[in-house]
Amino acid sequence: MSGACYAGDLLGKPAGAPGLAEYFYENEDGVCVKQASFFGGVPILPESAGYGIVLGFGIFFSIFTTTLVYMDQRYVGTNISSEFFNTAGRTVKTGLTAAVIVSQWTWAATLLQSSNVAFQYGVSGPFWYASGATIQVLLFGILAIQVKRFAPTAHTVCEIIDARWGTTAHKVFIYFCFLTNIIVTSMLILGGAATVNALTGMDQATAGFLIPIGVIAYTMAGGLKATFMASYIHTAIIFVILLTFILLVYASGEEPLGSPGNVYDQLQAVAAKDRDCTLGVQTQVGQSCGPVPDNRGGSYLTMISKGGIIFGIINIVGNFGTVFVDQSYWQSAIAAKPSSSTKGYLLGGLVWFTIPFSLATAMGLSSVALDLPVTGDEAGSGLVPPAAAVHFMGKGGAAAITIMLFMAITSTGSAEQIAVSSIVSYDIYRKYINPKATGEDILRVSRYVIFGFGIFSGVLSIILNEIGLSLGFVYLMMGIFVGSAVMPIAFLLTWDKATANGAIAGAFGGQILAVITWIAVSTDPEATGASLEVSIDTLGGNYPMLAGNVVAILSSGVICAAMSMANPQNFDFTTLAEKISLIDDKMPELDPVENDPEMLKDALGFVSKWGIGFCVVMVIIWPLLSLPAGCGASGVECGVFSKDYFYLWVSVALAWGIVATIVIIVMPIWESMDGIMLVAKGALTNDDVHMRLDGIELMLEKAIGGAKPEGPYASDDPCFRAKLLARKPKA
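From a predicted model like this one, the values you see are computed outputs, not experimental measurements. (Residues numbered from 1 in each chain as written. Predicted model: local features only at pLDDT ≥ 70, side-chain atom pairs only at ≥ 80, totals over all residues. Heavy atoms only, no water.)

*Asks:* Is there a simple way to explain a nonpolar patch on the surface in this structure?
*Replies:* A contiguous nonpolar patch, built from Ile612, Val616, Val617, Ile620, Ile621, Leu624, Leu625 and Leu627 and spanning about 650 Å² of accessible area, is present on the exposed surface. Here Val617 shows up in helix α23 (residues 597-626). (Patch = residues over 30% accessible without salt bridge, like charges linked within 9 Å, V, L, I, M, F, W, Y side chains within 5 Å. Areas by Shrake-Rupley, 256 points an atom, 1.4 Å probe, with all protein chains shown as cover. Salt bridge = Lys/Arg side-chain N within 4 Å of Asp/Glu carboxyl O. Helix = DSSP H or I, 4+ residues; strand = E, 2+ residues; numbered from the N terminus.)

Quick look at the structure:
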């Protein structure tokens, strides 16, 4: 649509006011009006591009990652036993652990919902999304080192629950873990399918079905190690695209944005109190215009935001559930070396912070500053970053955001698949169906479950599409359903008095109370005596979601603590390890210092001090320091960012993004250089001569009539190649 309607005497937005001419058109009455929506059902890319990305990348990463797994076996000597399949050998280093945490925690919602709250609340949205979902990862480092101290042979969190609290609690928390996996998978599918549909026109149900299918092959082939390898590549791609968008918005110099100062001026103009917001002309139904409700001064440039704070609380509570109750995070802790587990989670949390914070500060705020015709429904479906990307880069931007999103979905999707397979294999099959299961049995069941859950995820996408749930709705409600399991699981390895009955009552009681509160508040969210109908719209309001999430985690903690104090268990944590056995492997041979009790105790002190310290900074000190921003500056209210303060804010986002990108790409490669060089050496040399010597020996013995050598031959060893390469020359 052309902006030519600005040139004449047509009614419409005067020149210099917020908005871009390209999003206005001349209607039948000769009035210059704004588009009704950004995408308007017209995809930017051809439908074939959607299939190419969803299927093409899925096939590429399946082949690429499977090849890496094969090279790891052939040249490094890795044996894919059931233990290795589900624990990656328990030797993963700090850099890769951090990259995997970043990858697992980067959902579709991380990329999409974070910009949605920036679009709604301004600068407070990205901050509360990032800080409210970083502290869980930082604090989980405490549980990660406790696993290494007391349950080093564990495969799943449910195994630890069974060893401490018994069969009934074991079954209860299997339910909560599965519920968490399903909710996380739902958000991946909803965000991914909606974006692929909007950008390419690919059928939403079809996209939702095919997205989880793409990761089945490499997850089945290499298990957790394959997932980790793919996650690193996905994370690197995400950060490269992220950095591109940040620089484009704040450092390109291209008008009307291109610098923090330009973005600041445009945000002020968009939310101006005297702005013309004539419905049907300057704005359309569902689009934002003018001052932001319940923000200081109606500005997007303030941390004093009622909606932003409510979202922050919901975000904090909900994300505790999807970290502490998600087996994939326990699996990463189990896979890490003892010395790497705490550092990996701290580093991973700090690096991950930059994705929602920096990306949404760029894409979310730029979509507001440009006054793009994005509707509330489009924003709720996660289409704010795609809209900004398309505006800046056209089809290239659409392709970049789709690839970025696909990387996030597949990395988390593969982690969820391997998490579900581990719970089914060890906590259901081995525990209740075949207690004498061999390693081969576990490996076979794990692969069956990965395939089955991948298909289930595809079917789930069709169901969600029919129900009509949005990404934003599921994201806000997740804490209501799984938040009640957080406190019992947090007590599992940290409080010896917690009892099985207290854990069970807290988990179920908190969930029931949360759902009741959620529904009750939705009928009268403003406490005015109204009696509204319970619907997706009323349930999705800020107050019902806030009440349900808070009740879930608080009531659960109170119930569990009260029942446990009344009849404490006084559990001896040192007995956990002997109750959880390996199957077809042994613990890795690590440097003795890795399992030194004093080192592990010091690591607990380290992660407790720094994890809790960073949490206090992110959710208390940082927000408090931003409250007086603008006080004393001319032209803004106290509490609204001045231009200089906004420059500082953006500089932090930009610097954090650059450093995080370098660290998360370079560190895993640097730490794995020995293995990489070993693979390179093996790929570029040849061991056929050793195989031929074995053959010659056989022929010589046969020629002289001797007995056939019994062997075994060196070349019969599946790890022969790796041992040969790793052999050090004699001095």
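After that view, the rundown keeps rolling.
*Asks:* I'm lost on the side chain of Glu378 in this one. Help?
*Replies:* Here Glu378 is to be found in helix α14 (residues 376-380). Nearest to the buried, unbridged Glu378 among oppositely charged side chains is Lys34, at 9.9 Å. For Glu378, the residues in contact, after removing those within four places along its chain, are Ser37, Phe38, Phe39, Gly40, Pro373 and Leu383. (Buried < 20%, exposed > 50% of the residue type's maximum accessible area, 1.4 Å probe, protein only. Lys, Arg positive; Asp, Glu negative; His and termini not counted. Contact = heavy atoms within 4.5 Å.)

*Asks:* Any chance you could explain the nonpolar core here in plain terms?
*Replies:* Generally speaking, soluble globular proteins have nonpolar side chains that are buried together. Formed by 200 residues in total, the largest nonpolar core has its most connected members in Trp107, Ile160 and Phe646. Sequence-distant contacts of Ile160, that is, excluding residues within four places in its chain, are made with Val147, Ala151, Ala154, Trp330, Leu492, Leu493, Leu576 and Ile580. With nine residues, the next largest nonpolar core counts Val420, Val424, Tyr429 and Val445 among its residues. (Core = buried A, V, L, I, M, F, W, Y, C linked by side-chain atoms within 4.5 Å.)

*Asks:* What should I look at first to understand the environment of Asn595 in this one?
*Replies:* Topologically, Asn595 is positioned in the loop between α22 (542-566) and α23. Judged by its relative accessible area of 45%, Asn595 is partly exposed. Here the alpha-carbon distance between Asn595 and Pro338, two residues 257 residues apart in the chain, equals 7.0 Å. If we skip the residues at most four places from it in the chain, Asn595 touches Pro338 and Leu600.

*Asks:* Whenever I open this one, the packing of aromatic side chains confuses me. Can you help?
*Replies:* Where two aromatic rings form a pair, the distance of their centres and the angle of their planes describe that pair. With the rule as written, the count across this model stands at 40 aromatic pairs. Look at Trp622 and Trp656: their rings are 6.3 Å apart centre to centre, the planes differ by 15°, and that puts the pair in the stacked class. With Trp622 in helix α23 and Trp656 in helix α24 (residues 643-671), this pair connects stretches of sequence that are 34 residues apart. Each member of the aromatic cluster is reached from another via a ring pair, and the members are Phe127, Trp128, Phe353, Phe357, Trp622, Phe641, Tyr645, Trp649 and Trp656. (Phe/Tyr/Trp six-rings, centres within 6.5 Å; stacked < 30°, edge-to-face > 60°.)

*Asks:* Would you mind showing me how to read helix α17 (residues 439-467) here?
*Replies:* The periodicity of an α-helix, 3.6 residues per turn, causes residues three or four places apart in sequence to face the same way. Under the 1.5 Å per step criterion, the end-to-end length of α17 is 41 Å for 29 residues, consistent within 8% with the ideal 42 Å. Directly after α17, the chain includes Gly468, whose backbone phi takes a positive value near 90°. (Expected span 1.5 Å × (residues − 1).)

*Asks:* Explain the state of the cysteines to me, please; I cannot follow it from the model alone.
*Replies:* Cysteine pairs can be linked by a disulfide, which is a covalent bond between their two sulfur atoms. All told, the structure shown has one disulfide when counted by the stated rule. Two residues share a disulfide in this structure: Cys631 and Cys638, whose sulfurs sit 1.6 Å from each other. Its S-S torsion of about 55° marks the bond between Cys631 and Cys638 as right-handed, since a negative value means left-handed. The class of Cys638 is partly exposed, set by a relative accessible area of 39%. In this model Cys158 remains outside any disulfide bridge; the closest cysteine sulfur is found in Cys177, 3.8 Å from its own. (Disulfide = S-S within 2.5 Å.)

*Asks:* Is there a simple way to explain unusual backbone geometry in this structure?
*Replies:* The bulk of non-glycine residues show a negative phi, and the bulk of peptide bonds are trans. If you check the backbone angles, Asp371 has positive phi at about 55° while not being a glycine. In this fold, Asp371 is placed in the loop between α13 (338-369) and α14. Its relative accessible area of 5% is what places Asp371 among the buried residues. Residues other than glycine seldom take positive phi values, yet Asn570 does so here, at roughly 50°. With respect to the secondary-structure elements, Asn570 resides in the loop between α22 and α23. Given the relative accessible area of 47%, Asn570 is considered partly exposed.

*Asks:* Can you walk me through the environment of Phe481 in this structure?
*Replies:* Summarising the element assignment, Phe481 is placed in helix α18 (residues 471-482). Accessibility expressed as a relative area gives 23% for Phe481, which makes it partly exposed. When the C-alpha positions of Phe481 and Gly318 are compared, they lie 8.9 Å apart, and in sequence the two are 163 residues distant. Excluding residues that lie within four positions of it along the chain, Phe481 makes contacts with Phe176, Leu179, Ile183, Gln511, Val515 and Trp518.

*Asks:* What should I look at first to understand the packing of α13 against α24 in this one?
*Replies:* If you want to describe how two helices pack, look at the angle between their axes and the distance between the axes. In the contact formed by α13 and α24, the axes pass within 9 Å of each other and the chain directions differ by 130°. In this view, α13 runs oblique relative to α24, as classed from their interaxial angle. α13 and α24 meet at a crossing whose hand is left-handed. Only Phe646, Trp649, Val652, Ala653, Trp656, Gly657, Ala660, Val663, Ile664 and Met667 of α24 make contact with α13, whose side of the interface consists of Leu347, Leu350, Val351, Phe353, Thr354, Phe357, Ser358, Thr361 and Leu365. (Axes fitted to C-alpha atoms, helices over the stretch in contact; angles between N-to-C directions. Parallel < 35°, antiparallel > 145°, perpendicular 65-115°, else oblique. Left-handed = near helix turned anticlockwise from the far one by under 90°.)

*Asks:* Looking at this structure, how should I read helix α7 (residues 167-200)?
*Replies:* Look at α7: 49 Å from first C-alpha to last across 34 residues, which is about the 50 Å you get at 1.5 Å a residue. In terms of burial, α7 is largely enclosed, as 27 of its 34 residues are buried. Of the residues trailing α7, Gly201 is marked for its positive phi of about 80°.

*Asks:* Teacher, can you tell me more about the packing of helix α5 (residues 124-150) against helix α11 (residues 306-324) here?
*Replies:* Closest axis-to-axis distance for the α5/α11 pair is 8 Å, and the angle between their directions is 30°. Looking at the two axes, α5 sits roughly parallel to α11. The element α5 and its partner α11 pack so that their crossing is right-handed. Between α5, through Ser124, Gly125, Trp128, Tyr129, Gly132, Ala133, Ile135, Gln136, Leu139, Phe140 and Leu143, and α11, the contact on the second element is made entirely by Gly308, Ile309, Phe311, Gly312, Asn315, Ile316, Asn319, Phe320, Val323 and Phe324. Each residue belonging to the contact of α5 with α11 can be placed in one class, and the counts come to 13 nonpolar, eight polar and no charged. (Nonpolar A, V, L, I, M, F, W, Y, C, P; charged D, E, K, R; others polar.)

*Asks:* Please clarify how the environment of Ala271 should be interpreted in this entry.
*Replies:* One can find Ala271 in the loop between α10 (260-270) and α11. With relative accessibility at 6%, the residue Ala271 sits in the buried group. Between the C-alpha atom of Ala271 and that of Cys289, which follows or precedes it by 18 residues, the distance is 6.9 Å.

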